[in-house]
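Single-letter residue listing:
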Amino acid sequence: MRRLVRETHLEPSQFVLPLFVCPGEGIRKPISSMPGHAQLSVDQLVRECEEVHSLGVGGVILFGIPDTKDEEASEAYADDGITQRAIRAVKSALPELLVMTDVCNCEYTSHGHCGKVVGNQIDNDATLEWLAKSAVSHARAGADMVAPSDMMDGRVAAIRTALDFAGFENTPIFAYAAKFASVFYGPFREAAESTPQFGDRRSYQMDPANGREAMHEMELDLEEGADLLMVKPAMPYLDLIRMARDRFDVPIGAYQVSGEFSMIHAAAQNGWIELERAMLESLTSIRRAGASVILTYFAKDAARVLA
Ligand code: PBG
């Protein structure tokens, strides 16, 4: 009876699993704050993706952790960069698996900021060039979709133009459109080694207090050519997922970020909460709020439970 009248359903095909890829071979370096997750070398990443694919998960999003970082984020857009090598390996082993990439610079800059730093400011427009080059290099390596997460103004238009010019008219853009300057990214920054060395990201990421501004950011990204729009984090911003769903007729995604995942695990480890039920309830809430795509570190575990 409950199943018959249930309004919201979870499908593994709606989940996207974030994965961290690092240089080397045979490496699975556990991320202490994110149980079950590890930095993976390319060979291990391919094995992980085989499992993801066999569980019917909708796709993966790749984050690269480069060998060397510099002021210019050089490895972000190098054709033989870590992410580009990872895309090629995964797509050649598993052509059917949807591979998207996070387009950002913070994992690749020595200072850990998402943009080019001049003095103590972010140079928005100079950063657009790096982002456009990264997106094109990902598409050239075989990425099915690119997801810019930097929050520079004008990046969607810059990436769209560059992709089209390079012949990748069919590569869609999944814009991290409403991305907040959130404390819930803490564990990710350990995982991706991308903590800013000075200051914070508040000059480019959004103030958690501003919902109307989030709708404005989403409208701009749509006008610039975004194909899917994302709200990030997910659980503290369910109201904005709902607003976006009611307002825009493109697929709405939500990113259940590292801190959301780690909090549930930490509580479960203490015996304060039931892990499986908390996982399913959190994902169901995000779906109910209106997200049709969920980026989540629970993707594999949830797919197993739902099978
Ligand atoms: C890169 C990026 C971040 C996340 C996704 N892409 C970190 C940040 O903005 O500091 C966070 C994801 C998570 O916490 O799971 N800019």
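These notes cover the structure that comes with them. (Residues numbered from 1 in each chain as written. Predicted model: local features only at pLDDT ≥ 70, side-chain atom pairs only at ≥ 80, totals over all residues. Heavy atoms only, no water.)

Brief notes about the overall build of the chain
When you go through the chain residue by residue, the secondary structure sums to 11 helices and 12 strands. Taking 19 Å as the expected radius of gyration for a compact globule of 307 residues, we find that the chain reaches 18 Å, a close match to that expectation. If you line up the chain on its principal axes, its C-alpha atoms span 60 × 45 × 40 Å. Scored against the burial criterion, the 307 residues of the chain give a buried share of 56%. Expressed as a percentage of contacts within the chain between residues at least 6 apart in sequence, the contacts between residues at least 24 apart total 73%. (Helix = DSSP H or I, 4+ residues; strand = E, 2+ residues; numbered from the N terminus. Rg over C-alpha atoms; globule rule 2.2 N^0.38 Å. Buried < 20%, exposed > 50% of the residue type's maximum accessible area, 1.4 Å probe, protein only. Contact = heavy atoms within 4.5 Å.)

Concerning the site of the ligand
Not every one of the 18 residues close to the ligand is listed here, only the nearest: Lys 179, Arg 189, Lys 232, Ser 258 and Tyr 297. Measuring from a nitrogen atom of the ligand, one finds a side-chain N or O atom of Lys 232 at 3.3 Å. Contact distances for the ligand include 2.6 Å between an oxygen atom and a side-chain N or O atom of Tyr 297. Looking at the shell around the ligand, its residues break down into 10 nonpolar, 3 polar and 5 charged. (Near = heavy atom within 4 Å. Polar contact = N/O pair within 3.5 Å; in protein donor to acceptor, adjacent residues only side chain to side chain. Nonpolar A, V, L, I, M, F, W, Y, C, P; charged D, E, K, R; others polar.)

Here's the deal with the pattern of salt bridges
By the definition in use, this model includes 16 salt bridges. A salt bridge links Arg 155 to Asp 221; its shortest N-O distance comes to 3.2 Å. In this pair, Arg 155 is assigned in helix H5 (residues 155-165) and Asp 221 in helix H7 (residues 211-224), connecting sequence segments 66 residues apart. Taken individually, Arg 155 and Asp 221 each receive the classification buried, so the pair is uniform in this respect. Salt bridges here are not isolated pairs; linked through shared partners, they connect Arg 28, Glu 48, Glu 51, Lys 300, Asp 301 and Arg 304. (Salt bridge = Lys/Arg side-chain N within 4 Å of Asp/Glu carboxyl O.)

Brief notes about the side chain of Thr 171
Its place among the elements puts Thr 171 in the loop between H5 and strand E9 (174-179). Owing to a relative accessible area of 7%, Thr 171 belongs among the buried residues under this scheme. Excluding its chain neighbours within four sequence positions, the residues that come into contact with Thr 171 are Ala 139, Ala 143, Asp 144, Met 145, Val 146, Arg 160 and Leu 163.

Overview of the nonpolar core
Within the largest apolar cluster, 106 residues are counted, with the highest numbers of intra-cluster contacts made by Phe 20, Leu 45, Val 60, Phe 174, Met 218, Ile 241 and Leu 295. Residue contributions to this core peak at 8 residues, all from helix H4 (residues 124-141). Beyond its immediate chain neighbours, meaning those up to four positions away, Val 60 contacts Val 16, Leu 17, Leu 19, Cys 49, Val 52, Leu 97, Leu 98, Val 99 and Met 100. (Core = buried A, V, L, I, M, F, W, Y, C linked by side-chain atoms within 4.5 Å.)

A closer look at the side chain of Gln 14
Residue placement: Gln 14 occurs in the loop between helix H1 (2-5) and strand E1 (15-22). By relative accessible area, which is 16% here, Gln 14 ends up buried. Within the structure, Gln 14 has its side chain in polar contact with the side chain of Arg 287 (distance 3.1 Å). When neighbours within four sequence positions are excluded, Gln 14 is seen to be in contact with His 9, Arg 287, Ser 292, Val 293 and Ile 294.

Quick word on the pairing of strand E4 (residues 59-64)
Along E4, 6 of the 6 residues are buried, which leaves the element largely enclosed by surrounding structure. Two strands pair when backbone bridges link them, and E1 and E4 are joined in this way by 6 bridges, in the parallel orientation. By the bridge assignment for E4, Leu 19 is matched with Leu 62. Where E4 meets strand E5 (residues 99-103), 3 bridges bridge the pair, whose relative direction is parallel. Residue Val 60 lies in a different strand from E5, and its bridge partner there is Val 99. (Pairing = 2+ DSSP bridges.)

Side note on the packing of aromatic side chains
Taken as a whole and judged by the stated rule, the model has 10 aromatic pairs. Their ring planes at 45 degrees and their centres at 6.1 Å tell us that Tyr 176 and Tyr 255 sit as a pair that is tilted. Taken as a pair, Tyr 176 in strand E9 and Tyr 255 in strand E11 (residues 252-256) lie far apart in primary sequence, 79 residues in all. Three or more aromatic residues link up through ring pairs in this structure, and these residues are Phe 20, Phe 63, Tyr 176, Phe 188, Tyr 255, Phe 261, Tyr 297 and Phe 298. Across from the ring centre of Tyr 77, 4.1 Å away, lies the NZ or CZ of Lys 133, which sits over that ring. (Phe/Tyr/Trp six-rings, centres within 6.5 Å; stacked < 30°, edge-to-face > 60°. Lys NZ or Arg CZ within 6 Å of the ring centre and 35° of its normal.)

Geometric values such as these leave the question of function open.
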